[in-house]
Amino acid sequence: MSTVPPSFPLPAEPSIPDEHVTSTPALDLFKLAAAEFIVAQIPEVSLDKAFEGVESGKTGKNVSGDFTVAIPRFRLKAKPNEVAEQLVAAFQPTAYLASIKANGAFVYINVQTTALYKLVLAQINTQTYLTPDESHSVVDAFEQLSLKDADLPPAGLSLLKKNGYGTNKSGDGKKIIVEFSSPNIAKPFHAGHLRSTIIGAFLANLYEANGYKVLRMNYLGDWGKQFGILAVGFERYGSEAELEKDAITHLYDVYVKINRDGESDESIHDRAREFFVKMEAGDEQAVGLWKKFRDLSIVKYKETYARLNIYFDLYSGESQVSGESQAKALEQLQGTGIVEESEGALVVDLKKYKLEKTVVRKKDGTSVYITRDIGGAVERYNKFHFDKMVYVVASQQDLHLAQFFKVLDLMGYPWAKTLQHVNFGMVQGMSTRKGTAVFLEQILDESKRVMHEVMQKNEAKYNAIEDPEYTSDKLGITAVKVQDMAGKRINNYEFKWERMTSFEGDTGPYLQYAHVRLSSVERKNAPEIVLPPPSDRATAIDVSLLQEPKAREILLLLSEYPNVVRSALKSLEPSTICTFAFRLCHAISSAWEVLLVRGQPREVALARLWLYVSAKDVLGSAMRLLTLEPLERM
Ligand code: ARG
């Protein structure tokens, strides 16, 4: 974040936040107070620069503070050490700032703890979630999109309301398309697709939390010669009943069998090519069969996505790019001088840009992957006028994406600059424990089974769970997703059952466990200790009773959350949010012994309970942002 929040007048006494405060993270008000203090002493520094210079949470050798300011960054004529001393000498405590220390060229500032509690907890308190009805309008993000195309978000998915704690308006209604998942019909949903699905769904949420209008698009691999193969195979091995039951598994079985036959029987490939030519020519029968395969596959995909808490506004796909826009693109391309003919095929030479050469039209005139992407991007722009479009695709396709982005740029489309490839590394060894999986569902089922076994080990707790099937499924999915999002996107990782399903270490089950435990504090202390309604808490609860360093540590973490959401938008790394969630969980799990609620004087118990409930809300928000469904019990 580089700019000062819209000039927010500092009140003499921080009072309970009004509507301004909900859009300016409470922590920023304190940073602003520090920045104003600096500017008052060193007028050469602009308020913007000063605000940027107030960093939270850094520690020096023997000193630490809530904020650190490195004086050299202001590039002043005076010696930094002297400026630091000057600041210390001039300091007077205010309603926001409590104390200051200098250490060499650095100053460390501590905020007024009680004021921070009041403002931060009150902001978290106003957090609300969209009702299913309201989520509907989120789905209809782009007016041009008719709702019949769109999925409703799954019932279990509660999106954070705009203006909620941890959201901001930096995207200010800008439209973005996030294309992700994009599996190939009839081929396995492999680890690359799983990563695209998990990371893409997170990014869509992240853009939404930062104020963007998001269109979630699935670009299916639903066109090509493989459908010819499938058609020939279906004639031989197909079953209507199996297709209805589970199109994805059945089509895959058929595909495997017919490919085996095809190894010794070239005529299968000839017939497949013929079928695909018919498809491209719009032959009714061929297109009819293809459409049936596609529609039934989508039905099945939707089930799996819903299980993952993921949905799409639009199921597009390679088949949806019209021949016309591809032809038009090729025509336009020929005017750019980068196209050449090579043995009947059309080739684009991008060597000048270190992007090699690539075929854009085959010898037999059939379309290719990259040309569909070029035509597809133009169609998407014409239809949606996006401000930005993100493609979430494995790094194996780095070259492909760079090539077609470049081609669009050379074609003169100004919006080509707004296209972004968000890539990621590979997953090694994604299979069931017996080493047999091909399908995502098998992985999810197995993960569920493992979690179920773990839960059963504690009989008393297990018996208290209302729906162990549901709970173990959600736990299993959390394990898979968090393993995927905990590291930097670009890194490869090894799929490890033991580690990802453990409740110890930075894992998905660990996050869920922390959330469950936070949920149980409220339950366990009722009916003796019950929080007043949200709007009364700030006045009814004495937060000055929360003086323990542990409580303060949790408070500071909570105060940082809105800025973490902002910074994640820069890195586009889910790990930014994961790391925050883990830090919060670590702080909480070491607090239980120190910050008891039970058996405490009523006022102390209430203050601590409010802190725990706030921690639960923020952890829950971070988890939802990561597409996880926070559990209340396990
Ligand atoms: N279906 C492709 C594959 O599985 C991924 C599509 C990526 N998106 C794109 N616009 N090319 O390899």
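On a predicted model such as this, the values are computed, not experimentally measured, just so you know. (Residues numbered from 1 in each chain as written. Predicted model: local features only at pLDDT ≥ 70, side-chain atom pairs only at ≥ 80, totals over all residues.)

Here we look at the overall build of the chain
If you tally the helices and strands in the chain, you get 24 helices and 14 strands. Here the chain, with 634 residues, has 43% of them falling under the buried criterion. Contacts in the chain between residues far apart in sequence, at least 24 positions, make up 74% of those at least 6 positions apart. (Helix = DSSP H or I, 4+ residues; strand = E, 2+ residues; numbered from the N terminus. Buried ≥ 20, exposed ≤ 12 C-beta atoms within 10 Å, placed from the backbone. Contact = placed C-beta atoms within 7 Å.)

Here's the deal with the sheet that holds strand S6 (residues 213–220)
Reading across from one edge, S7-S6-S5-S11-S12 is the order of the five strands in this open sheet, with parallel pairing throughout. Single-partner strands in this sheet number two, and they are strand S7 (314–317) and strand S12 (419–422). Sheet twist, expressed as the mean angle between neighbouring strand axes with direction ignored, is 25°. Bridge count between strand S11 (residues 388–392) and S12: four bridges; the pairing is parallel. Of the residues in S12, the one forming a bridge with Tyr-391 is His-421. (Pairing = 2+ DSSP bridges. Axes fitted to C-alpha atoms, helices over the stretch in contact; angles between N-to-C directions.)

Observations concerning helix H4 (residues 80–90)
Given 3.6 residues to a turn, an α-helix orients residues that are three or four positions apart in the same direction. Val-83, Ala-84 and Leu-87 are the residues of H4 that are buried. Seen end-on, H4 carries its buried residues on one side only, within an arc spanning 100°. Tucked into the core, H4 has its buried residues touching helix H2 (26–41), strand S3 (97–103) and strand S4 (106–111). (Arc of directions from axis to C-beta.)

What to know about the site of the ligand
Close contacts around the ligand come from Glu-179, Ser-182, Asn-184, Tyr-219, Gly-221, Asp-373, Tyr-391 and Val-393, and that covers them all. Of the residues belonging to the shell around the ligand, the class tally is three nonpolar, three polar and two charged. (Near = placed C-beta within 6 Å. Nonpolar A, V, L, I, M, F, W, Y, C, P; charged D, E, K, R; others polar.)

Points about the pairing of S3
As paired elements, S3 and S4 share six bridges and run antiparallel to each other. Bridging from a neighbouring strand, Ile-100 pairs with Ile-109 of S4. The hairpin turn running from S3 into S4, its antiparallel successor, is two residues long, and Gly-104 in that turn takes a positive phi close to 60°.

Points about helix H5 (residues 113–125)
Taking 1.5 Å as the rise per residue, H5 with 13 residues should run 18 Å; its terminal C-alpha atoms sit 18 Å apart, in good agreement. A large share of H5 lies buried, amounting to eleven of its 13 residues. All buried positions along H5 are accounted for by Ala-115, Leu-116, Tyr-117, Lys-118, Leu-119, Val-120, Leu-121, Ala-122, Gln-123, Ile-124 and Asn-125. (Expected span 1.5 Å × (residues − 1).)

Topic: the environment of Pro-533
Among the structural elements, Pro-533 can be located in the loop between helix H20 (508–525) and helix H21 (534–540). Separated by 235 residues in sequence, Pro-533 and Ile-298 have C-alpha atoms that sit 44 Å apart.

Section: the UniProt feature "domain: DALR anticodon binding" (unreviewed entry) in the chain
The UniProt feature table records "domain: DALR anticodon binding" (unreviewed entry) at residues 511–634. Within residues 511–634, the helical portion is 69% and the strand portion 0%, while the C-alpha atoms at the span's ends are 12 Å from each other. (UniProt positions renumbered as here; feature names shortened; annotations may be inferred.)

Overview of the nonpolar core
Judged by nonpolar contacts, the single largest core of 172 residues is most densely connected at Val-178 and Ala-581. The element contributing the most residues to this core is helix H24 (residues 602–625), with twelve residues. The residues contacting Val-178, other than those within four sequence positions of it, are Gly-200, Leu-203, Ala-204, Tyr-207, Val-214, Arg-216, Met-217, Val-390 and Val-392. (Core = buried A, V, L, I, M, F, W, Y, C linked by C-beta atoms within 7 Å.)

Looking at the sheet that holds S3
Reading across the sheet, the four strands line up as S1-S2-S4-S3 and stay open at both edges, with antiparallel pairing between neighbours. Whereas interior strands pair on both sides, the edge strands pair on one side only; in this sheet they are strand S1 (54–56) and S3. Pairs of neighbouring strands in the sheet enclose a mean axial angle of 30°, with direction left out of account. Examined bridge by bridge, strand S2 (residues 67–70) and S4 share four bridges and lie antiparallel to one another.

Here's the deal with the environment of Ile-177
Tracing the backbone shows Ile-177 in strand S5 (residues 175–179). Judged by the 30 C-beta atoms lying within 10 Å of it, Ile-177 is buried. Taking the C-alpha atoms as reference points, Ile-177 and Val-214, separated by 37 residues in sequence, lie 5.8 Å from one another.

Overview of the packing of helix H7 (residues 191–209) against helix H18 (residues 468–485)
Put simply, H7 and H18 touch, their axes get as near as 10 Å, and they point 80° apart. The orientation of H7 with respect to H18, classified from their angle, is roughly perpendicular. From H7, Arg-195, Ile-198, Ile-199 and Phe-202 reach across to H18, where they touch Lys-481, Asp-484 and Met-485. Looking at the contact of H7 with H18 residue by residue, the classes come out as four nonpolar, no polar and three charged. (Parallel < 35°, antiparallel > 145°, perpendicular 65-115°, else oblique.)

Points about the confidence of the model for the chain
Mean pLDDT over the chain: 89, with 90% of residues reaching 70 or higher. Between residues 146–150, whose pLDDT stays under 50, and residues either more than four places distant or in other chains, the model counts seven contacts. With a pTM of 0.92, the predicted complex shows an ipTM of 0.99. (pLDDT = per-residue confidence, 0-100.)

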